[in-house]
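Overview (structure and organization)
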Amino acid sequence: MPSSKRTEALYALLFISPFLLHLLIFFIFAFVRTIWFSFTDKTTLRDSYNFVGLQNFINLFGEERFLLALQHSIGFMLVVTTIQTFLALATAAVLNQRLRGITFFRTVYYIPSVLSSAAVTVIAIWFFQKTGFLNTFIGWVSAHSPVILALVGSFVLAQAVQVGLERMRGLPVAPTDPALAAISAVVAIALTWLLGAMGLVGPREARPPEFTWLTNPDSFLGLPIPLWSIVMLNIFTTIPTLMLIFLAGLQDIPKSVYEAAAIDGASPVQQFFWVTVPMLRPVTFLVVTLSLIGTLQMFDQVALMGDSAPLNSIIVMAYYVYNSVFSGEGQIGMASAAALVLAVLTFVVVFLQRTFGISEKAH
Amino acid sequence: MATQAMKPQGKLDERHLARQRWARAGWIYGAMLALGVFFVGPFYVAFLGSLKDNPLEWPFRTTFAQVLPKNWLAAWKLGQQGAGNPWLGGFAPGANIPFEVSYFVPEGTEPTPPTVTVPERRAGAGLGAIFDEVQASRYARVSPVEEVSRRPERIGDEVGQIVTYRFTISYPRSDAAQELPTAARLPLDVEAPRGQTFLTATLDPNRLERRGRVASWDSAAPGFFGYTFKNYVRVFREARDPNTGSSFFLRWTANSFFVSLMAVLINLVFASLAGYALARMYLPGKGLLFALIILLMAVPQQAMFISNYLVLRDLSLLGSLWGMIVWIGIDMAKVFLMKQFFESIPREIEEAALIDGANPITTFFRIILPMATPALGALTIMTFQGIWNEFFKAAVVLSGQQGNYTLPLGLSFFRSAYGAAGDWGLMLASAFLSMIPIVILFVVFQRYFVEGVSTSALKG
């Protein structure tokens, strides 16, 4: 090795050594030590501990709360990843337009992702209270359901009549023709207003809310209602980030591909499914992977809920690990075993997604 | 969309197509507006809630006492009269506060003046109740209540009259040499006899009880902020350290700034050094290191924090902000960011410097780093935002040391301290206050945020 190369390597080592030291202590050593602890009965209080083999893992899978956490984590991951991937893609598709002021909207939508999970979760707990805004809003919608139904009904009717008339004139308009829909919207509003003025349609009286979100003992589709609240919260705060990733991917698709598809006679909906979706495959892969890892390791929102909801109804793996260390005797052995289960689960899920799910390569 | 025009449309003429394009743009703006309401609406209603006396009131009102300009003016004036402080109000020696209250008295009932009291009332629930504060009730003198006017009125099908009463609350100066204290608040209760219903007053009351017979004010001399942003003022006034008496919230804000800025500083220097070494310098085993880093990025935090907690405990750094800073250390993602940036600058510049005989350290700090300003800006903003919002590491390292909390942990502490009493005003107000620095940063540097996400995710 020439001496100049050796000097350069020494300098490089010097430059990188603070980072390496931090990596070594807080990641590599930490991970190895967690693996070691998972085979011992170490606690935070005692200094001495014994090797216990696989006992921690056997105990874990016999413990009700751990199984609950495991079940919640997997359910949470599946539900949130599915919903937020679809919604993020839909939002990105709406935002992917060359219109004035689009950057402004893009910025505004990003707000929920920028703010701290602590502040957003505190607001969310208020939102989910019995007389909080969510129940108020649902109550308002259900009280106004006759009006909303009348509005939607007259819109569909007006649109059908207009499209029918145009087609009778021989014009091939689509049922979703935007210009006709704009007229239909005006007609629908006027008609509903008229029906309201005539006293035929009106809101019902709103009743005080009965439904509770955070203290509800019931389950829906196998997940407790309080966990569904966290599902909603998590989707709300993560969509903006995923949407921006999708948007960057959408803007990388060359316009010529769309133009070619349009010449072949593809409608916008067909273009979306036959051009956009396949071209976005690598980005979708990234979004789904990020989402899977993020949801499996979700901690903040459960920890910040605290005693606003019963622990057994919202506990997930990440919180189970934290809670095992910081409550009671501080079962480090058990917590390490649970953390390893979570790590293995993460790797398995990412591997499965890579193999059987949306692949990385575009077709 | 431009592609729409390319579509063969049969017999649709150009005018029709133009009309469609306009309508389409209209629908898209409508959809974007609706999405905007979805993403920002919750914060707007929560902000309204944070201004209310009872954020959980049902039904939810969007118009209430605190958002009425009439009350802003009155609160301003009363604050001036109470302590010469139109913003925060108070009750100081020499104060002289005229106050009017109107009642509806149904026909057949003889109007009777209400009873006016300045009660002794402790501040809020939770931490505020621990401290002894100057009580206005010890110094306030209430003048006899006198009737000002009567005029006939009809409310619904009830016939009666509106009777207005006036009284003055004063704080006499003492003749003695001793200084009299200023009270922060002037609580007020006005109770009317049975049959009379409260209508209006100089300032709308914070609570109406017993079917509108008892009206009570948290402070009759609140000042503009003291009335409109009552819960925000309470965050600073009431949530104080029981040992030192200093404001928790200010302390936590300072802590958050300290940790975030230290993390920024550490990452600015060491992440760019490491990134430069990885991008440009000869280093055996570089490929192996990359593979290792990618692998470690997928390992959950939970699989590492146990050991890190014990390491920090052995270093006696638990409960200290330094412990959190040491653990945060140098972020892998930031090293990657810098590596990518350095790979994009032309090699000739450093080579010229190296030929001049400068050693790598001088070259790096004199020539390379000044060129990296845009990347360093992105790094600063991303690190600051990430650490300002960091909850998990704070919860592990700092738990139990309230004075050393950062804001996210502080909010969680408020939630447990005030949540039981249902004091949502204070919790919401503190949540909004904790967002201010990030919101300012976001408004000023929004490009970095929005572009940072897409580029780092797609190319990283």
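**A look at the overall build of chain A**
For chain A, the count of helices and strands is 17 helices and two strands. In summary, chain A has a C-alpha radius of gyration of 27 Å against a globular reference of 21 Å for 363 residues, an excess of more than 25%. Burial statistics for chain A: of 363 residues in total, 50% are counted as buried. Carbon together with sulfur atoms contributes 69% to the accessible area of chain A, which is approximately 17,300 Å² in total. Counting 18 positive and 17 negative side-chain charges, chain A places the centres of these two groups 8 Å from one another.

**Re the overall build of chain B**
Looking only at helices and strands, one finds 17 helices and nine strands in chain B. The principal-axis extent of the C-alpha atoms belonging to chain B is close to 100 × 85 × 40 Å. Of the contacts made within chain B by residues no fewer than 6 positions apart, 70% connect residues no fewer than 24 positions apart. On chain B, roughly 20,900 Å² of surface is accessible, and the fraction owed to carbon and sulfur atoms is 60%. Counting 41 positive and 34 negative side-chain charges, chain B places the averaged centre of each group 6 Å from the other.

**Regarding the nonpolar core**
Ranked by size, the top nonpolar core spans 197 residues in total, and within it F19, Y109 and W126 of chain A together with F305, F342 and F414 of chain B carry the most contacts. Per-element tally for this core: the top contributor is helix α10 (residues 225–252) of chain A, with 16 residues. F342 of chain B has contacts with S272, G275, Y276, A279, R280, F364, I368 and A372 of chain B, leaving out every residue within four places of it along the chain. Core analysis: the second largest hydrophobic core is formed by 35 residues, V101, Y171, V190 and F198 of chain B among them.

**As for unusual backbone geometry**
All names here are of chain B. Geometrically, the link from W58 to P59 is a cis peptide bond, its omega value of -5° lying close to zero. Not every positive phi belongs to a glycine, and R211 is a case in point at roughly 50°. Secondary-structure assignment places R211 in the loop between β8 (207–209) and β9 (214–217). Given a relative accessible area of 81%, R211 falls into the exposed group. Positive phi values are uncommon outside glycine, yet S316 reaches one of about 50°. Counting through the fold element by element, S316 comes out in the loop between α8 (302–314) and α9 (321–328). Accessibility expressed as a relative area gives 61% for S316, which makes it exposed.

**Focus on the interface of chain B and chain A**
Chain B puts 106 residues into the contact, and the matching count from chain A is 114 residues. Between chain B and chain A, roughly 9,700 Å² of surface is buried when both sides are summed, and carbon and sulfur atoms account for 78% of that area. When the buried surface of chain B facing chain A is broken down by residue, F39, W58 and Y282 of chain B rank first, second and third, together holding 8% of it. The tally of links from chain B across to chain A stands at one salt bridge. Between R415 of chain B and D307 of chain A there is a salt bridge, with the nearest N and O atoms lying 2.9 Å from each other.

**Concerning the sheet that holds strand β2 (residues 115–117) of chain B**
Residues and elements named next belong to chain B. Taken in spatial order, the four strands make up an open sheet running β2-β6-β9-β8, and their pairing is antiparallel. The open sheet terminates on both sides in strands that have one partner only, identified here as β2 and β8. Between one strand axis and the next, the sheet turns by 15° as a mean value, whatever way the strands run. In this sheet, β9 lies alongside β8 in antiparallel orientation, the contact comprising three bridges. Note on β9: the bridge partner recorded for E209 is V214.

**What about the pattern of salt bridges?**
If charged atoms from side chains of opposite charge come close, those side chains can pair. All names here are of chain B. Taken as a whole, this structure holds 21 salt bridges over all chains when the rule is applied. Residues D218 and K230 are paired through a salt bridge, measuring 2.8 Å at the closest nitrogen-oxygen approach. Here the residue D218 occupies a position in the loop between β9 and α4 (223–228), and K230 occupies one in helix α5 (residues 230–238), the gap between them amounting to twelve residues. In this structure, D218 and K230 share a single accessibility class: buried.

**Brief notes about a nonpolar patch on the surface**
All names here are of chain A. On the surface, F137, I138, W140, V141, I148, L151, V152, V156 and I189 cluster together into a nonpolar patch covering about 780 Å² of accessible area. If you list the elements that add at least two residues to the nonpolar patch, you get α7 (133–143) and α8 (145–168). Inspection of the secondary structure assignment puts I148 in helix α8.

**A word on α8 of chain B**
In an α-helix there are 3.6 residues to a turn, and that puts residues three or four apart on one side. All names here are of chain B. If you check α8, its first and last C-alpha atoms are 19 Å apart, about what 13 residues at 1.5 Å a residue would give, namely 18 Å. Turning to α8, its buried residues number three or more, namely Q302, A303, M304, F305, I306, S307, N308, Y309, L310, V311 and L312. Phi turns positive one or two residues past the end of α8, at S316, with a value near 50°.

**Some thoughts on the confidence of the model for chain A**
Here chain A averages 91 in pLDDT, and 98% of its residues register 70 or above. The secondary-structure element of chain A with the lowest mean pLDDT is helix α12 (residues 268–279) of chain A, recorded at 86, while helix α6 (residues 117–127) of chain A shows the highest, at 96.

**Focus: the environment of F224 of chain B**
Residue and element names in this part refer to chain B. Position of F224 among the secondary structure elements: in helix α4. By relative accessible area, which is 17% here, F224 ends up buried. If sequence neighbours within four positions are ignored, F224 has contacts with W72, A75, W76, P86, W87 and F229.

**What to know about the packing of aromatic side chains**
One pair of aromatic rings is described through two measures. These are the centre distance and the angle between the planes. All chains considered together, the criterion is met by 76 aromatic pairs over all chains. Between F37 of chain A and Y49 of chain A, the aromatic rings sit 6.1 Å apart at their centres with planes inclined by 85°, giving edge-to-face as the arrangement. Of the two residues, F37 of chain A is situated in helix α1 (residues 3–37) and Y49 of chain A in the loop between α1 and α2 (55–60); the sequence distance between them amounts to twelve residues. We classify F37 of chain A as buried; its relative accessible area is 2%. Taken together, the ring pairs connect F299, Y319, Y322 and F326 of chain A together with F305, Y309, W327, F391 and F392 of chain B into an aromatic cluster. Of note, K52 of chain B hangs over the ring of F60 of chain B, and the distance from its end group to the ring centre comes to 3.6 Å. Lying over the aromatic face of W327 of chain B, K393 of chain B brings its terminal NZ or CZ to 5.7 Å of the ring centre.

**Examining the packing of α1 of chain A against helix α6 (residues 248–280) of chain B**
Axis angle and axis distance: for two packed helices, these are the angle between their axes and the distance between the axes, and together they describe the pair. Contact geometry for α1 of chain A and α6 of chain B: axes closest at 8 Å, N-to-C directions at 140°. Between α1 of chain A and α6 of chain B, the interaxial angle falls into the category oblique. α1 of chain A and α6 of chain B meet at a crossing whose hand is left-handed. In contact with E8, A12, F15, I16, P18 and F19 of chain A of α1 of chain A, α6 of chain B contributes F270, L273, A274, Y276, A277, L278 and R280 of chain B. For the contact of α1 of chain A with α6 of chain B, the residue count by class is eleven nonpolar, no polar and two charged.

**Here's the deal with the environment of A220 of chain B**
Residue and element names in this part refer to chain B. Its location among the elements puts A220 in the loop between β9 and α4. The exposure class assigned to A220 is buried, which follows from its relative accessible area of 0%. Taking C-alpha positions, A220 is 15 Å from R138, a pair spaced 82 residues apart along the chain. Residue contacts for A220: discarding those within four places in its chain leaves L78, F99, L186 and L188.

Reading guide: rules and limits
- Residues numbered from 1 in each chain as written.
- Chains lettered and ligands numbered in written order.
- Predicted model: local features only at pLDDT ≥ 70, side-chain atom pairs only at ≥ 80, totals over all residues.
- Heavy atoms only, no water.
- Helix = DSSP H or I, 4+ residues; strand = E, 2+ residues; numbered from the N terminus.
- Rg over C-alpha atoms; globule rule 2.2 N^0.38 Å.
- Buried < 20%, exposed > 50% of the residue type's maximum accessible area, 1.4 Å probe, protein only.
- Areas by Shrake-Rupley, 256 points an atom, 1.4 Å probe, with all protein chains shown as cover.
- Lys, Arg positive; Asp, Glu negative; His and termini not counted.
- Charge placed at Lys NZ, Arg CZ, Asp CG, Glu CD.
- Contact = heavy atoms within 4.5 Å.
- Core = buried A, V, L, I, M, F, W, Y, C linked by side-chain atoms within 4.5 Å.
- Buried area = accessible area lost by both parts, 1.4 Å probe.
- Salt bridge = Lys/Arg side-chain N within 4 Å of Asp/Glu carboxyl O.
- Pairing = 2+ DSSP bridges.
- Axes fitted to C-alpha atoms, helices over the stretch in contact; angles between N-to-C directions.
- Patch = residues over 30% accessible without salt bridge, like charges linked within 9 Å, V, L, I, M, F, W, Y side chains within 5 Å.
- Expected span 1.5 Å × (residues − 1).
- pLDDT = per-residue confidence, 0-100.
- Phe/Tyr/Trp six-rings, centres within 6.5 Å; stacked < 30°, edge-to-face > 60°.
- Lys NZ or Arg CZ within 6 Å of the ring centre and 35° of its normal.
- Parallel < 35°, antiparallel > 145°, perpendicular 65-115°, else oblique.
- Left-handed = near helix turned anticlockwise from the far one by under 90°.
- Nonpolar A, V, L, I, M, F, W, Y, C, P; charged D, E, K, R; others polar.

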